[in-house]
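Structural overview for review
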Amino acid sequence: MSAESVTAVAPAGPDTSGSSSGGRHLGLALFVIAAAQLMVVLDATITNIALPAIQTDLGVSDANLAWIVNSYALAFGGLLLLGGKAGDLFGRRKMFQVGTAVFTLASLLGGLAPNESLLIGARVLQGVGAALAAPSALALITTTFPAGKARNTAMGVYAAMGGVGATVGLLLGGALTDVLDWRWVFFVNIPIGLAVLAGTRTLVEAERHPGRLDVPGAITGTGGLIALVYGITRGGEHGWTGGVTLVVFAAAAVLLAAFLYLQARTIDPMMPLRLFKDRTRSGSYATMLFIGAGMFATFYFLTLYMQLILGYSPVRTGFAYLPFSFGMAMAAGVSSKLVTHLAPRLIAGPGLLVAAVGMLWFATLEPDSSYTAHLMPAMFVTALGLGMSFVPMTLGAVSGVSHQDTGVASALLNTAQQIGGALGLAILSTISTSAADDKLPEAAGSLYRGLATKDFALVAKAGDAVTHGYTMAFVAAAAMFLAGLLVTGFAINAGRQQHTEGAAPVHMG
């Protein structure tokens, strides 16, 4: 659920002077791109803080609560590559405008949603908008800002939005939910989106490229992933051998097989399979899949633990995450310097081990654990480990890529993180619910019932069972980080990076 900005090679764009937009317009152009990036990144975390309030207000089941997070991640991750291709074909500025408009409209619908189905639908639409807008933002920097100081400053601000967005999302989500209502975590995007749309005339259109959209690839790939996540969720709730569950898994297998077949045969594939021939690159994608799986779950379960078990208010929960943001920023800064001295696996490997230790620390949580002695240090340790992993994974994904594939290679890494997060959250929420219900049937429902009726004996019993479920999810998340460590050790064999000049930040939403 985090969104960090890490260093990756930017897709090259025409070296425009930027004069066509005029120097006095460059500040406004930078605001437009930075605000759009902030909006997309912020939305990955702002909703997390509001989850308990949404669940109570709309009566969302435990199984469906994860879909409020996953629907956005699946649509965003599943359509990111298609969005990048659409920008190439139809114009980056045009797709940036369309994506921002769709995202803003979806935010309005999400804020007005009267039930969970329409809210999840609005989240899907938000993901579609983000997938159209995000890939174009980076290319528009290269076409709008002249090479040199102006472009470097723009890249730096863009990078900062990735890191700041995660923290701002947590703090703003808490404040809005506490002071106003959970619906304002969606409404807040509307003025930002409208301001971005009004300012897009200051952006310089990028050169268009020939080709065509891989719509069949987008339908089979995204459809297969949604079926897979739904199958995992339904299997945990209704049993793994149920007829509907087996049919959904079969559909996922057919759709994903069709996707790979189409990618191998299509002239302009959404996901060029040639990118996976390089061992280091494939290893980087696989590792990022595991990182996303563990990291999404960390935010999800910690938010529920702090609000439901410890009784934190939404705004206090947002501030409680600050050590995570500090640890991630510190470690990313250190690792970006280490990549010129050490091979990527020698940085990412120890980082993943540290992150797994942090997860196991979370796995020792009790219903009355202390924030200062337990939560805060575990958060910081986990963040340090993850921050050490992002930069080398990104460089591994884009090093040695041909000029034409640089953009898609970077986008694939973002896709791997989003898809990994959705799959991981589906698996871990299933583990958590099963473990809690083994200790006390309908544990989460009992907790809500106890809180509503002030039955403190039931609250204590249910809180213990629900906490046990969360800790089992953290153990599984640690296993995912260790799986990423194994992939890093065996698959990523790139040497140290001689230089990282010209690198540009890529949103790791």
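In this text, all values refer to a predicted model and were calculated from it rather than measured experimentally.

**Considering the overall build of the protein chain**
Scanning the protein chain from N- to C-terminus turns up 17 helices and two strands. Across the 509 residues that make up the protein chain, the buried fraction comes to 58%. Sequence separation of 24 or more characterises 85% of the internal contacts of the protein chain that already satisfy a separation of 6 or more. Carbon together with sulfur atoms contributes 67% to the accessible area of the protein chain, which is approximately 18,700 Å² in total.

**Observations concerning unusual backbone geometry**
In this structure, E442 is a non-glycine residue whose phi angle is positive, near 50 degrees. Turning to its location among the elements, E442 is positioned in the loop between α15 (406–439) and α16 (443–453). The phi dihedral of K454 falls on the positive side, at around 55 degrees, and the residue is not glycine. The topology assignment puts K454 in the loop between α16 and α17 (456–491). On the accessibility criterion, K454 (59% relative accessible area) is exposed.

**Brief notes about the packing of helix α2 (residues 62–90) against helix α10 (residues 279–309)**
As a packed pair, α2 and α10 sit with axes 12 Å apart at the nearest point and diverge in direction by 140 degrees. Between α2 and α10, the angle falls in the class oblique. Handedness of the crossing formed by α2 with α10: right-handed. Contact residues: D62, L65, A66, V69 and A73 in α2; F296, Y300 and L304 in α10.

**Considerations on the packing of α2 against helix α3 (residues 92–112)**
Close contact between α2 and α3 brings their axes to 8 Å; oriented N to C, the two are set at 150 degrees. When the axes of α2 and α3 are compared, the pair comes out roughly antiparallel. Here Y72, G84, A86, G87, D88 and F90 of α2 lie close against α3, whose contacting residues are R92, K94, M95 and F103. Taken together, the residues that form the contact of α2 with α3 break down as five nonpolar, two polar and three charged.

**Describing the pattern of salt bridges**
Summed over the entire model, instances satisfying the criterion amount to one salt bridge. For K439, the salt bridge is made with D464, and the minimal N-O distance between the two is 3.1 Å. You can see K439 sitting in helix α15 and its partner D464 sitting in helix α17, a full 25 residues away along the chain.

**A short note on the packing of aromatic side chains**
Tallying each qualifying case throughout the model produces 10 aromatic pairs. Residues F299 and F324 carry aromatic rings whose centres are separated by 4.9 Å and whose planes lie at 70 degrees to one another, so their mutual orientation is edge-to-face. With F299 in helix α10 and F324 in helix α12 (residues 322–338), this pair connects stretches of sequence that are 25 residues apart. The residues F299 and F324 share a single accessibility class, namely buried. Lying across the ring of Y312, R316 places its NZ or CZ 3.9 Å from the centre.

**Regarding the environment of F276**
Structurally, F276 can be placed in the loop between α9 (243–265) and α10. For the pair F276 and A409, spaced 133 residues apart in the sequence, the C-alpha separation amounts to 9.7 Å. Excluding its chain neighbours within four sequence positions, the residues that come into contact with F276 are M271, S282, Y285 and L412.

How each quantity is defined
- Residues numbered from 1 in each chain as written.
- Predicted model: local features only at pLDDT ≥ 70, side-chain atom pairs only at ≥ 80, totals over all residues.
- Heavy atoms only, no water.
- Helix = DSSP H or I, 4+ residues; strand = E, 2+ residues; numbered from the N terminus.
- Buried < 20%, exposed > 50% of the residue type's maximum accessible area, 1.4 Å probe, protein only.
- Contact = heavy atoms within 4.5 Å.
- Areas by Shrake-Rupley, 256 points an atom, 1.4 Å probe, with all protein chains shown as cover.
- Axes fitted to C-alpha atoms, helices over the stretch in contact; angles between N-to-C directions.
- Parallel < 35°, antiparallel > 145°, perpendicular 65-115°, else oblique.
- Left-handed = near helix turned anticlockwise from the far one by under 90°.
- Nonpolar A, V, L, I, M, F, W, Y, C, P; charged D, E, K, R; others polar.
- Salt bridge = Lys/Arg side-chain N within 4 Å of Asp/Glu carboxyl O.
- Phe/Tyr/Trp six-rings, centres within 6.5 Å; stacked < 30°, edge-to-face > 60°.
- Lys NZ or Arg CZ within 6 Å of the ring centre and 35° of its normal.

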